[in-house]
Amino acid sequence: MIEIEIQNETHQTQFRIKAMAVPRIGEGIRLKEPDGNWASHDVLDVWYQQADYGEIWVPYLHVRVTPGDTGAHVAQPSADKVNRAQAMPIEDFLAKFEGDHEHQPVKLNLDLGEE
């Protein structure tokens, strides 16, 4: 068993769990909420710190409740971190990487005949 320190962004809490494996970034885990219900959480970050009691590395997880999980009460974010004024259509975004000229398709001869 591995003891893992969990830092829950949703409820601003820290606690430890014991698990058989350390989840990776992007994976989901089920944790018990303060109200006793189980909810899905997304792993945002994983790092290791050396323990105070020797050459042992303790895993730390930074988690947040999965958006749309009906079993959890999600706190509202303090500020929207996405600047919507910078939004642009994907065609305009991709055009920045294409240059001033249009791409010409390359004709491929896929005939493998013996001529």
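Residues numbered from 1 in each chain as written. Predicted model: local features only at pLDDT ≥ 70, side-chain atom pairs only at ≥ 80, totals over all residues. Heavy atoms only, no water.

Trainee: Even after reading the chapter, I still don't get the overall build of the protein chain, so can you show me in this structure?
Mentor: From N to C terminus, the protein chain includes 1 helix and 5 strands. N-terminal to C-terminal, the α/β element order of the protein chain is β-β-β-β-β-α. Relative to its 115 residues, the protein chain shows a buried fraction of 19%. Within the protein chain, residue pairs in contact and separated by at least 24 positions form 36% of the contacts whose partners lie at least 6 positions apart. Put simply, the protein chain shows about 9700 Å² of open surface, and 53% of that area lies on carbon and sulfur atoms. (Helix = DSSP H or I, 4+ residues; strand = E, 2+ residues; numbered from the N terminus. Buried < 20%, exposed > 50% of the residue type's maximum accessible area, 1.4 Å probe, protein only. Contact = heavy atoms within 4.5 Å. Areas by Shrake-Rupley, 256 points an atom, 1.4 Å probe, with all protein chains shown as cover.)

Trainee: Can you walk me through the pairing of strand 5 (residues 57-65) in this structure?
Mentor: A regular strand places its side chains so that they alternate between the two faces of the sheet. Here strand 1 (residues 2-8) pairs with strand 5 via 4 bridges, running parallel. Opposite I6, over in strand 5, you have L61 as the bridge partner. Note that strand 4 (residues 38-50) and strand 5 share 9 bridges and pair antiparallel. Counterpart to V46 in the pairing with strand 5 is L61. (Pairing = 2+ DSSP bridges.)

Trainee: Before we go on, may I ask you to explain the packing of aromatic side chains in this structure?
Mentor: For any pair of aromatic rings, geometry is given as the distance between the ring centres together with the angle between the planes. Applying the stated criterion to the full structure yields 1 aromatic pair. With centroids separated by 5.6 Å and ring planes inclined at 10 degrees, the aromatic side chains of W47 and Y60 adopt a geometry described as stacked. With a gap of 13 residues between them, W47 in strand 4 and Y60 in strand 5 connect regions that are remote in the sequence. Overall, W47 belongs to the partly exposed group, its relative accessible area being 24%. (Phe/Tyr/Trp six-rings, centres within 6.5 Å; stacked < 30°, edge-to-face > 60°.)

Trainee: Sorry, what's going on with the sheet that holds strand 5 here?
Mentor: Paired through backbone hydrogen bonds, the strands of a sheet run either parallel or antiparallel to each other. Spatially, 5 strands are ordered 2-1-5-4-3 in an open sheet, and the strand pairing comes out mixed. Each having just a single partner strand, strand 2 (13-19) and strand 3 (28-32) make up the two edges of the open sheet. Across the sheet, the axes of successive neighbouring strands diverge by a mean angle of 45 degrees, strand direction being ignored. (Axes fitted to C-alpha atoms, helices over the stretch in contact; angles between N-to-C directions.)

Trainee: Explain the pattern of salt bridges to me, please; I cannot follow it from the model alone.
Mentor: Where charged atoms from two side chains of opposite charge approach closely, those side chains can pair. Enumeration over the complete set of coordinates arrives at 4 salt bridges. A salt bridge links E3 to R16; the shortest N-O distance between them is 2.8 Å. Residue E3 is found in strand 1, and its partner R16 is found in strand 2; the two are separated by 13 residues along the sequence. You can call E3 partly exposed: its relative accessible area is 33%. Judged by its relative accessible area of 43%, R16 falls in the partly exposed class. Overlapping salt bridges bring together E3, E5 and R16 as one network. (Salt bridge = Lys/Arg side-chain N within 4 Å of Asp/Glu carboxyl O.)

Trainee: I'm lost on the nonpolar core in this one. Help?
Mentor: As a rule of thumb, soluble globular proteins bury nonpolar side chains together. One finds I4, I6, A19, I29, L31, V43, L61 and V63 forming the largest nonpolar core, which totals 8 residues. Going through the elements one at a time, strand 1, strand 3 and strand 5 are the ones with two or more residues in this core. Sequence-distant contacts of L31, that is, excluding residues within four places in its chain, are made with I6, F15, I17, N37, W38, A39, H41 and V63. (Core = buried A, V, L, I, M, F, W, Y, C linked by side-chain atoms within 4.5 Å.)

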